[in-house]
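Given next are the chains, with one letter for each unit.
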Amino acid sequence: MIGYILDAQGSIVSALVFDDEPAEFTPPDGHTLVMGGDYAIGGTLVGGVYSPPTPPAADPLPPPPPPDSCTKLGLKRAFDELGNWATVKAEIAADAAVQEEWDLATEIRRADPLVQHMIAVVDLSDEQVDQLLIRANALV
């Protein structure tokens, strides 16, 4: 036979298994013993009405990591929104090797020296670069 210990508010705090009626068992002060039923610890039993325990809230998923690449068009559009594209474009055009890298690139990766050069030109923090890449991917 199963018995349940309830606190003063009716919360089920423990379950006990007895061979027979618990003639010699006394619940702790401020608690009552209810015999029988199919209850769960954490639920409540108030006025004979049982409410099951509330399931724990699921942990929210962590945000996805920022992208580490984007298209040239997306990056151009994101820099445009920041008002930096003219500066970046002029910096690219000022160096033939950088211009050739830009022209030949099909994907722009954060760790690429070309991108690091653009980031330095407009003095962006890591957080700003994260947001820039997120936005660049959203714009295409």
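Just so we're clear, the structure is a prediction, and the values are computed from it rather than from any experiment. (Residues numbered from 1 in each chain as written. Predicted model: local features only at pLDDT ≥ 70, side-chain atom pairs only at ≥ 80, totals over all residues. Heavy atoms only, no water.)

### A look at the overall build of the chain
The helix and strand inventory of the chain stands at five helices and seven strands. Listed by position from the N terminus, the elements making up the chain come as β-β-β-β-β-β-α-α-α-β-α-α. Taken over the C-alpha trace, the chain has a radius of gyration of 32 Å; the compact-globule value for 140 residues is 14 Å, which it surpasses by more than 25%. Principal-axis analysis of the C-alpha atoms places the extent of the chain at approximately 95 × 25 × 25 Å. Within the span of the chain, comprising 140 residues, buried residues form 28% of the whole. Long-range contacts, defined here as pairs at least 24 residues apart, represent 56% of the contacts in the chain between residues at least 6 apart. A total accessible area of about 9,200 Å² is found for the chain, and carbon and sulfur atoms account for 56% of it. (Helix = DSSP H or I, 4+ residues; strand = E, 2+ residues; numbered from the N terminus. Rg over C-alpha atoms; globule rule 2.2 N^0.38 Å. Buried < 20%, exposed > 50% of the residue type's maximum accessible area, 1.4 Å probe, protein only. Contact = heavy atoms within 4.5 Å. Areas by Shrake-Rupley, 256 points an atom, 1.4 Å probe, with all protein chains shown as cover.)

### A closer look at the sheet that holds strand β2 (residues 12-17)
In space, the three strands of this open sheet follow the order β2-β1-β3, with antiparallel pairing throughout. The sheet terminates laterally at β2 and β3 (32-35), the two strands that pair on one side only. The mean angle between the axes of side-by-side strands here comes to 25°, regardless of whether they run parallel or antiparallel. Sheet topology note: the strand β1 (residues 2-6)/β3 ladder contains four bridges and is antiparallel. (Pairing = 2+ DSSP bridges. Axes fitted to C-alpha atoms, helices over the stretch in contact; angles between N-to-C directions.)

### Some details on the packing of helix α2 (residues 85-93) against helix α3 (residues 96-104)
Contact geometry of α2 with α3 gives a least axis separation of 6 Å together with a crossing angle of 115°. Judged on the interaxial angle alone, α3 and α2 are roughly perpendicular. Where α2 abuts α3, its residues W85, I92 and A93 lie against V98, Q99 and W102. Across the contact of α2 with α3, the residue classes tally to five nonpolar, one polar and no charged. (Parallel < 35°, antiparallel > 145°, perpendicular 65-115°, else oblique. Nonpolar A, V, L, I, M, F, W, Y, C, P; charged D, E, K, R; others polar.)

### With respect to the environment of D29
By the secondary structure assignment, D29 is in the loop between β2 and β3. Residues D29 and D7 lie 22 residues apart in sequence; the distance between their C-alpha atoms is 9.0 Å.

### Brief notes about the confidence of the model for the chain
Overall, the prediction assigns the chain a mean pLDDT of 91, with 100% of residues at 70 or greater. When mean pLDDT is compared element by element in the chain, strand β6 (residues 69-70) scores highest at 95, while helix α4 (residues 113-122) scores lowest at 85. (pLDDT = per-residue confidence, 0-100.)

### Some remarks on the packing of aromatic side chains
Using the criterion set out here, one finds four aromatic pairs in the structure. With a centroid separation of 4.9 Å and 40° between ring planes, the pair formed by Y39 and Y50 is classed as tilted. On the criterion of sequence distance, the pair formed by Y39 in the loop between β3 and β4 (44-46) and Y50 in strand β5 (residues 49-51) is long-range, its members being eleven residues apart. Among the residues examined, Y39 registers a relative accessible area of 23% and is labelled partly exposed. Residue Y50 is classed as partly exposed on the basis of its relative accessible area of 26%. Stacked on the ring of W102, the Lys or Arg K72 has its end atom at 5.4 Å from the ring centre. (Phe/Tyr/Trp six-rings, centres within 6.5 Å; stacked < 30°, edge-to-face > 60°. Lys NZ or Arg CZ within 6 Å of the ring centre and 35° of its normal.)

### Brief notes about the pattern of salt bridges
Overall, the coordinates contain six salt bridges when judged by the stated rule. Here K76 and D80 are joined by a salt bridge, their closest N and O atoms 2.6 Å apart. With K76 and D80 both in helix α1 (residues 72-82) and four residues apart, the pair spans about one turn of that helix. Where D126 meets R110, a salt bridge forms, and the shortest distance between an N and an O atom there is 3.9 Å. With D126 in helix α5 (residues 126-138) and R110 in the loop between β7 (108-109) and α4, this pair connects stretches of sequence that are 16 residues apart. Among the residues examined, D126 registers a relative accessible area of 60% and is labelled exposed. Several salt bridges share partner residues, and in doing so they unite D68, E107 and R109 into one network. (Salt bridge = Lys/Arg side-chain N within 4 Å of Asp/Glu carboxyl O.)

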